[in-house]
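For reference, the chains in residue letters:
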Amino acid sequence: MTADHIIRNGAAIVTGAGSGLGRALAHKLANQGMHVALLGRREPSLIETARATPELLHPFVCDVADASAVTTTVAQITTDLGAPRLLINNAAIYPRRDILDIPTDAFMDSIAINLGGVVNATQAVLPHMIKDGIGRILNVATFADMSPLPMSSEYSVSKGAARIFTRALIADIGDRFPDIVVGDWMPGMLATQMGIEDGLAPDAAAGWGAALALMHDPALTGTTFEMDREILQGSGLKRKLKALLTLSRPQKPRIITPI
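All of these numbers come straight from a predicted model, not from anything done at the bench.

## As for the nonpolar core
Then comes step 1: Residues Leu-21, Leu-29, Val-36, Leu-38, Ile-88, Trp-185 and Leu-212 are the most contacted members of the largest nonpolar core, which totals 36 residues.
Then comes step 2: Breaking this core down by element, the ones donating at least two residues are strand S1 (11–15), helix H1 (20–31), strand S2 (35–40), helix H2 (43–50), strand S4 (84–89), strand S5 (135–140), strand S6 (180–186) and helix H7 (202–214).
Then comes step 3: No other element matches the eight residues that H7 contributes to this core.
Then comes step 4: Contact partners of Leu-29, with chain neighbours within four places excluded, come to Ala-12, Val-14, Met-34, Val-36, Leu-86, Ile-88, Ala-210 and Leu-214.

The following block contains the structure:
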């Protein structure tokens, strides 16, 4: 990745920045000199995140499920910090509930955060990115939709739909705005409230995620990375056969160097 393919100025936005992976991602970006807007619903948590580098980390209390609030907040970020160049859609909830025990409307509340939050934040930043002709959107994703665990229907459905949104977004803007680079990143099983006790430390995963988020190579649009490496499309056999027929080398996954 060349210096020309790295986001170096403008504001970065991280949703769900009050704890866990979102906090760690924000810290990594600030360590690279980025001004980072911290979005979340709980002000004390955001203030705690900002303590690490207060001159670069800026709390903005906002519920990403509220489209109007997100639009207003992004406008304020633009005024205070400059046009958003980077958006990491990280905010999510994982209610562990059996489908028979989910209260009325609660399922759709989870959809509003895990899917609606991605859509709302993306729609809010796109006009600024389009105006300036540059942007990077990285959606924190998961394979939960492919093999849902028990008591995970809300999370699995909403996060699976968010992966579809990534592809639909690219279908709409990819050809017209190639310098708005869009992709998915799966951090792996983390030692967070939403993860598992013996999972990966958020700070370690954030080293990969922040590095990937700063990469502004149009060739990354449509890619999915898991932890530190790219997940190639199609089976390994198909890729080898294509390489054989075209007399080319088999494609190798790109590897992220953490920051």
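## A closer look at the layout of surface pockets
Then comes step 1: A volume near 1200 Å³ is recorded for the largest pocket.
Then comes step 2: Considering the residues around the largest pocket, the lining is formed by 47 residues, among which Ala-92, Tyr-94, Tyr-155, Thr-192 and Met-194 are closest to the centre.
Then comes step 3: The set of elements that each furnish at least two residues to the lining of the largest pocket consists of H1, S2, H2 and helix H6 (153–173).
Then comes step 4: Here the residues of the lining of the largest pocket sort into 24 nonpolar, 17 polar and six charged.
Then comes step 5: Phe-143, Met-146, Arg-163, Thr-166, Arg-167, Ile-170, Asp-184, Gly-222, Thr-223, Thr-224, Ile-231 and Gln-233 are the residues that line the second largest pocket.

## Examining the side chain of Asn-90
Then comes step 1: Within the secondary structure layout, Asn-90 lies in the loop between S4 and helix H4 (106–114).
Then comes step 2: Judged by its relative accessible area of 11%, Asn-90 falls in the buried class.
Then comes step 3: Contacts of Asn-90, omitting those with residues within four sequence positions, involve Thr-15, Gly-16, Leu-21, Gly-22 and Val-140.

## Brief notes about the environment of Glu-226
Then comes step 1: Turning to its location among the elements, Glu-226 is positioned in strand S7 (residues 224–226).
Then comes step 2: Along the primary structure Glu-226 and Gln-251 are separated by 25 residues, whereas in three dimensions their C-alpha atoms are 17 Å apart.
Then comes step 3: Dropping the residues within four chain positions of it, Glu-226 is found in contact with Phe-143, Met-186 and Ile-231.

## Here we look at unusual backbone geometry
With the exception of glycine, the majority of residues adopt a negative phi angle, and the majority of peptide bonds are in the trans configuration.
Then comes step 1: Positive phi values are uncommon outside glycine, yet Met-151 reaches one of about 65°.
Then comes step 2: When you line up the elements, Met-151 lands in the loop between S5 and H6.
Then comes step 3: Although it is not a glycine, Met-227 adopts a positive phi angle of roughly 60°.
Then comes step 4: Along the chain, Met-227 turns up in the loop between S7 and strand S8 (229–230).
Then comes step 5: Judged by its relative accessible area of 31%, Met-227 falls in the partly exposed class.

## Structural notes on the pattern of salt bridges
Then comes step 1: The final tally for this structure, using the stated rule, is seven salt bridges.
Then comes step 2: For Asp-145, the salt bridge goes to Arg-163, with nearest N and O atoms at 3.1 Å. Separated by 18 residues along the polypeptide, Asp-145 in the loop between S5 and H6 and Arg-163 in helix H6 bring together distant segments of the chain.
Then comes step 3: According to the relative accessible area criterion, Asp-145 is partly exposed, its value standing at 28%.
Then comes step 4: What makes Arg-163 buried here is its relative accessible area of 13%.

## Regarding the environment of Ala-65
Then comes step 1: One can find Ala-65 in the loop between strand S3 (57–61) and helix H3 (67–81).
Then comes step 2: Considered as a pair, Ala-65 and Leu-115 are 50 residues apart in the sequence and their alpha carbons are 8.5 Å apart.
Then comes step 3: Here Ala-65 is in contact with Ala-112, Ile-113 and Asn-120, once residues within four sequence places are set aside.

## A look at the sheet that holds S4
Then comes step 1: Taking strand neighbours across the sheet as the criterion, the eight strands line up as S3-S2-S1-S4-S5-S6-S7-S8 in an open arrangement whose pairing is mixed. At either end of the open sheet lies a strand with only one pairing partner, and these are S3 and S8.
Then comes step 2: Sitting on the sheet, H2 touches S2 and S3, and the angle it makes with S3 is about 175°.
Then comes step 3: Contacting S1, S4, S5 and S6, helix H5 (residues 116–132) crosses the sheet at an angle of about 165° to S4.

## Let's talk about H3
Then comes step 1: Here H3 is 15 residues long and its end C-alpha atoms lie 21 Å apart, about the 21 Å a rise of 1.5 Å per residue gives.
Then comes step 2: Residues of H3 that are buried: Val-70, Thr-73, Val-74, Ile-77 and Leu-81. End-on view of H3: buried residues confined to an arc of 100°, all on one side of the axis. Facing away from the buried surface of H3 by more than 90 degrees, the exposed residues are Ser-68, Thr-72 and Thr-79.
Then comes step 3: Buried residues in H3 make contact with S1, S2, S3, S4 and H5.
Then comes step 4: Near the N-terminus of H3, the side chain that reaches the backbone nitrogen of Ser-68, with its oxygen 3.2 Å away, is that of Asp-66.

Rules behind the numbers
- Residues numbered from 1 in each chain as written.
- Predicted model: local features only at pLDDT ≥ 70, side-chain atom pairs only at ≥ 80, totals over all residues.
- Heavy atoms only, no water.
- Core = buried A, V, L, I, M, F, W, Y, C linked by side-chain atoms within 4.5 Å.
- Buried < 20%, exposed > 50% of the residue type's maximum accessible area, 1.4 Å probe, protein only.
- Helix = DSSP H or I, 4+ residues; strand = E, 2+ residues; numbered from the N terminus.
- Contact = heavy atoms within 4.5 Å.
- 1 Å grid on protein atoms, 1.4 Å probe; cavity = no way out; pocket = protein on both sides within 12 Å on 5 of 7 lines; lining within 4 Å.
- Points joined across faces, edges and corners; volume = space filled by probe spheres on them.
- Nonpolar A, V, L, I, M, F, W, Y, C, P; charged D, E, K, R; others polar.
- Salt bridge = Lys/Arg side-chain N within 4 Å of Asp/Glu carboxyl O.
- Pairing = 2+ DSSP bridges.
- Axes fitted to C-alpha atoms, helices over the stretch in contact; angles between N-to-C directions.
- Expected span 1.5 Å × (residues − 1).
- Arc of directions from axis to C-beta.
- Polar contact = N/O pair within 3.5 Å; in protein donor to acceptor, adjacent residues only side chain to side chain.

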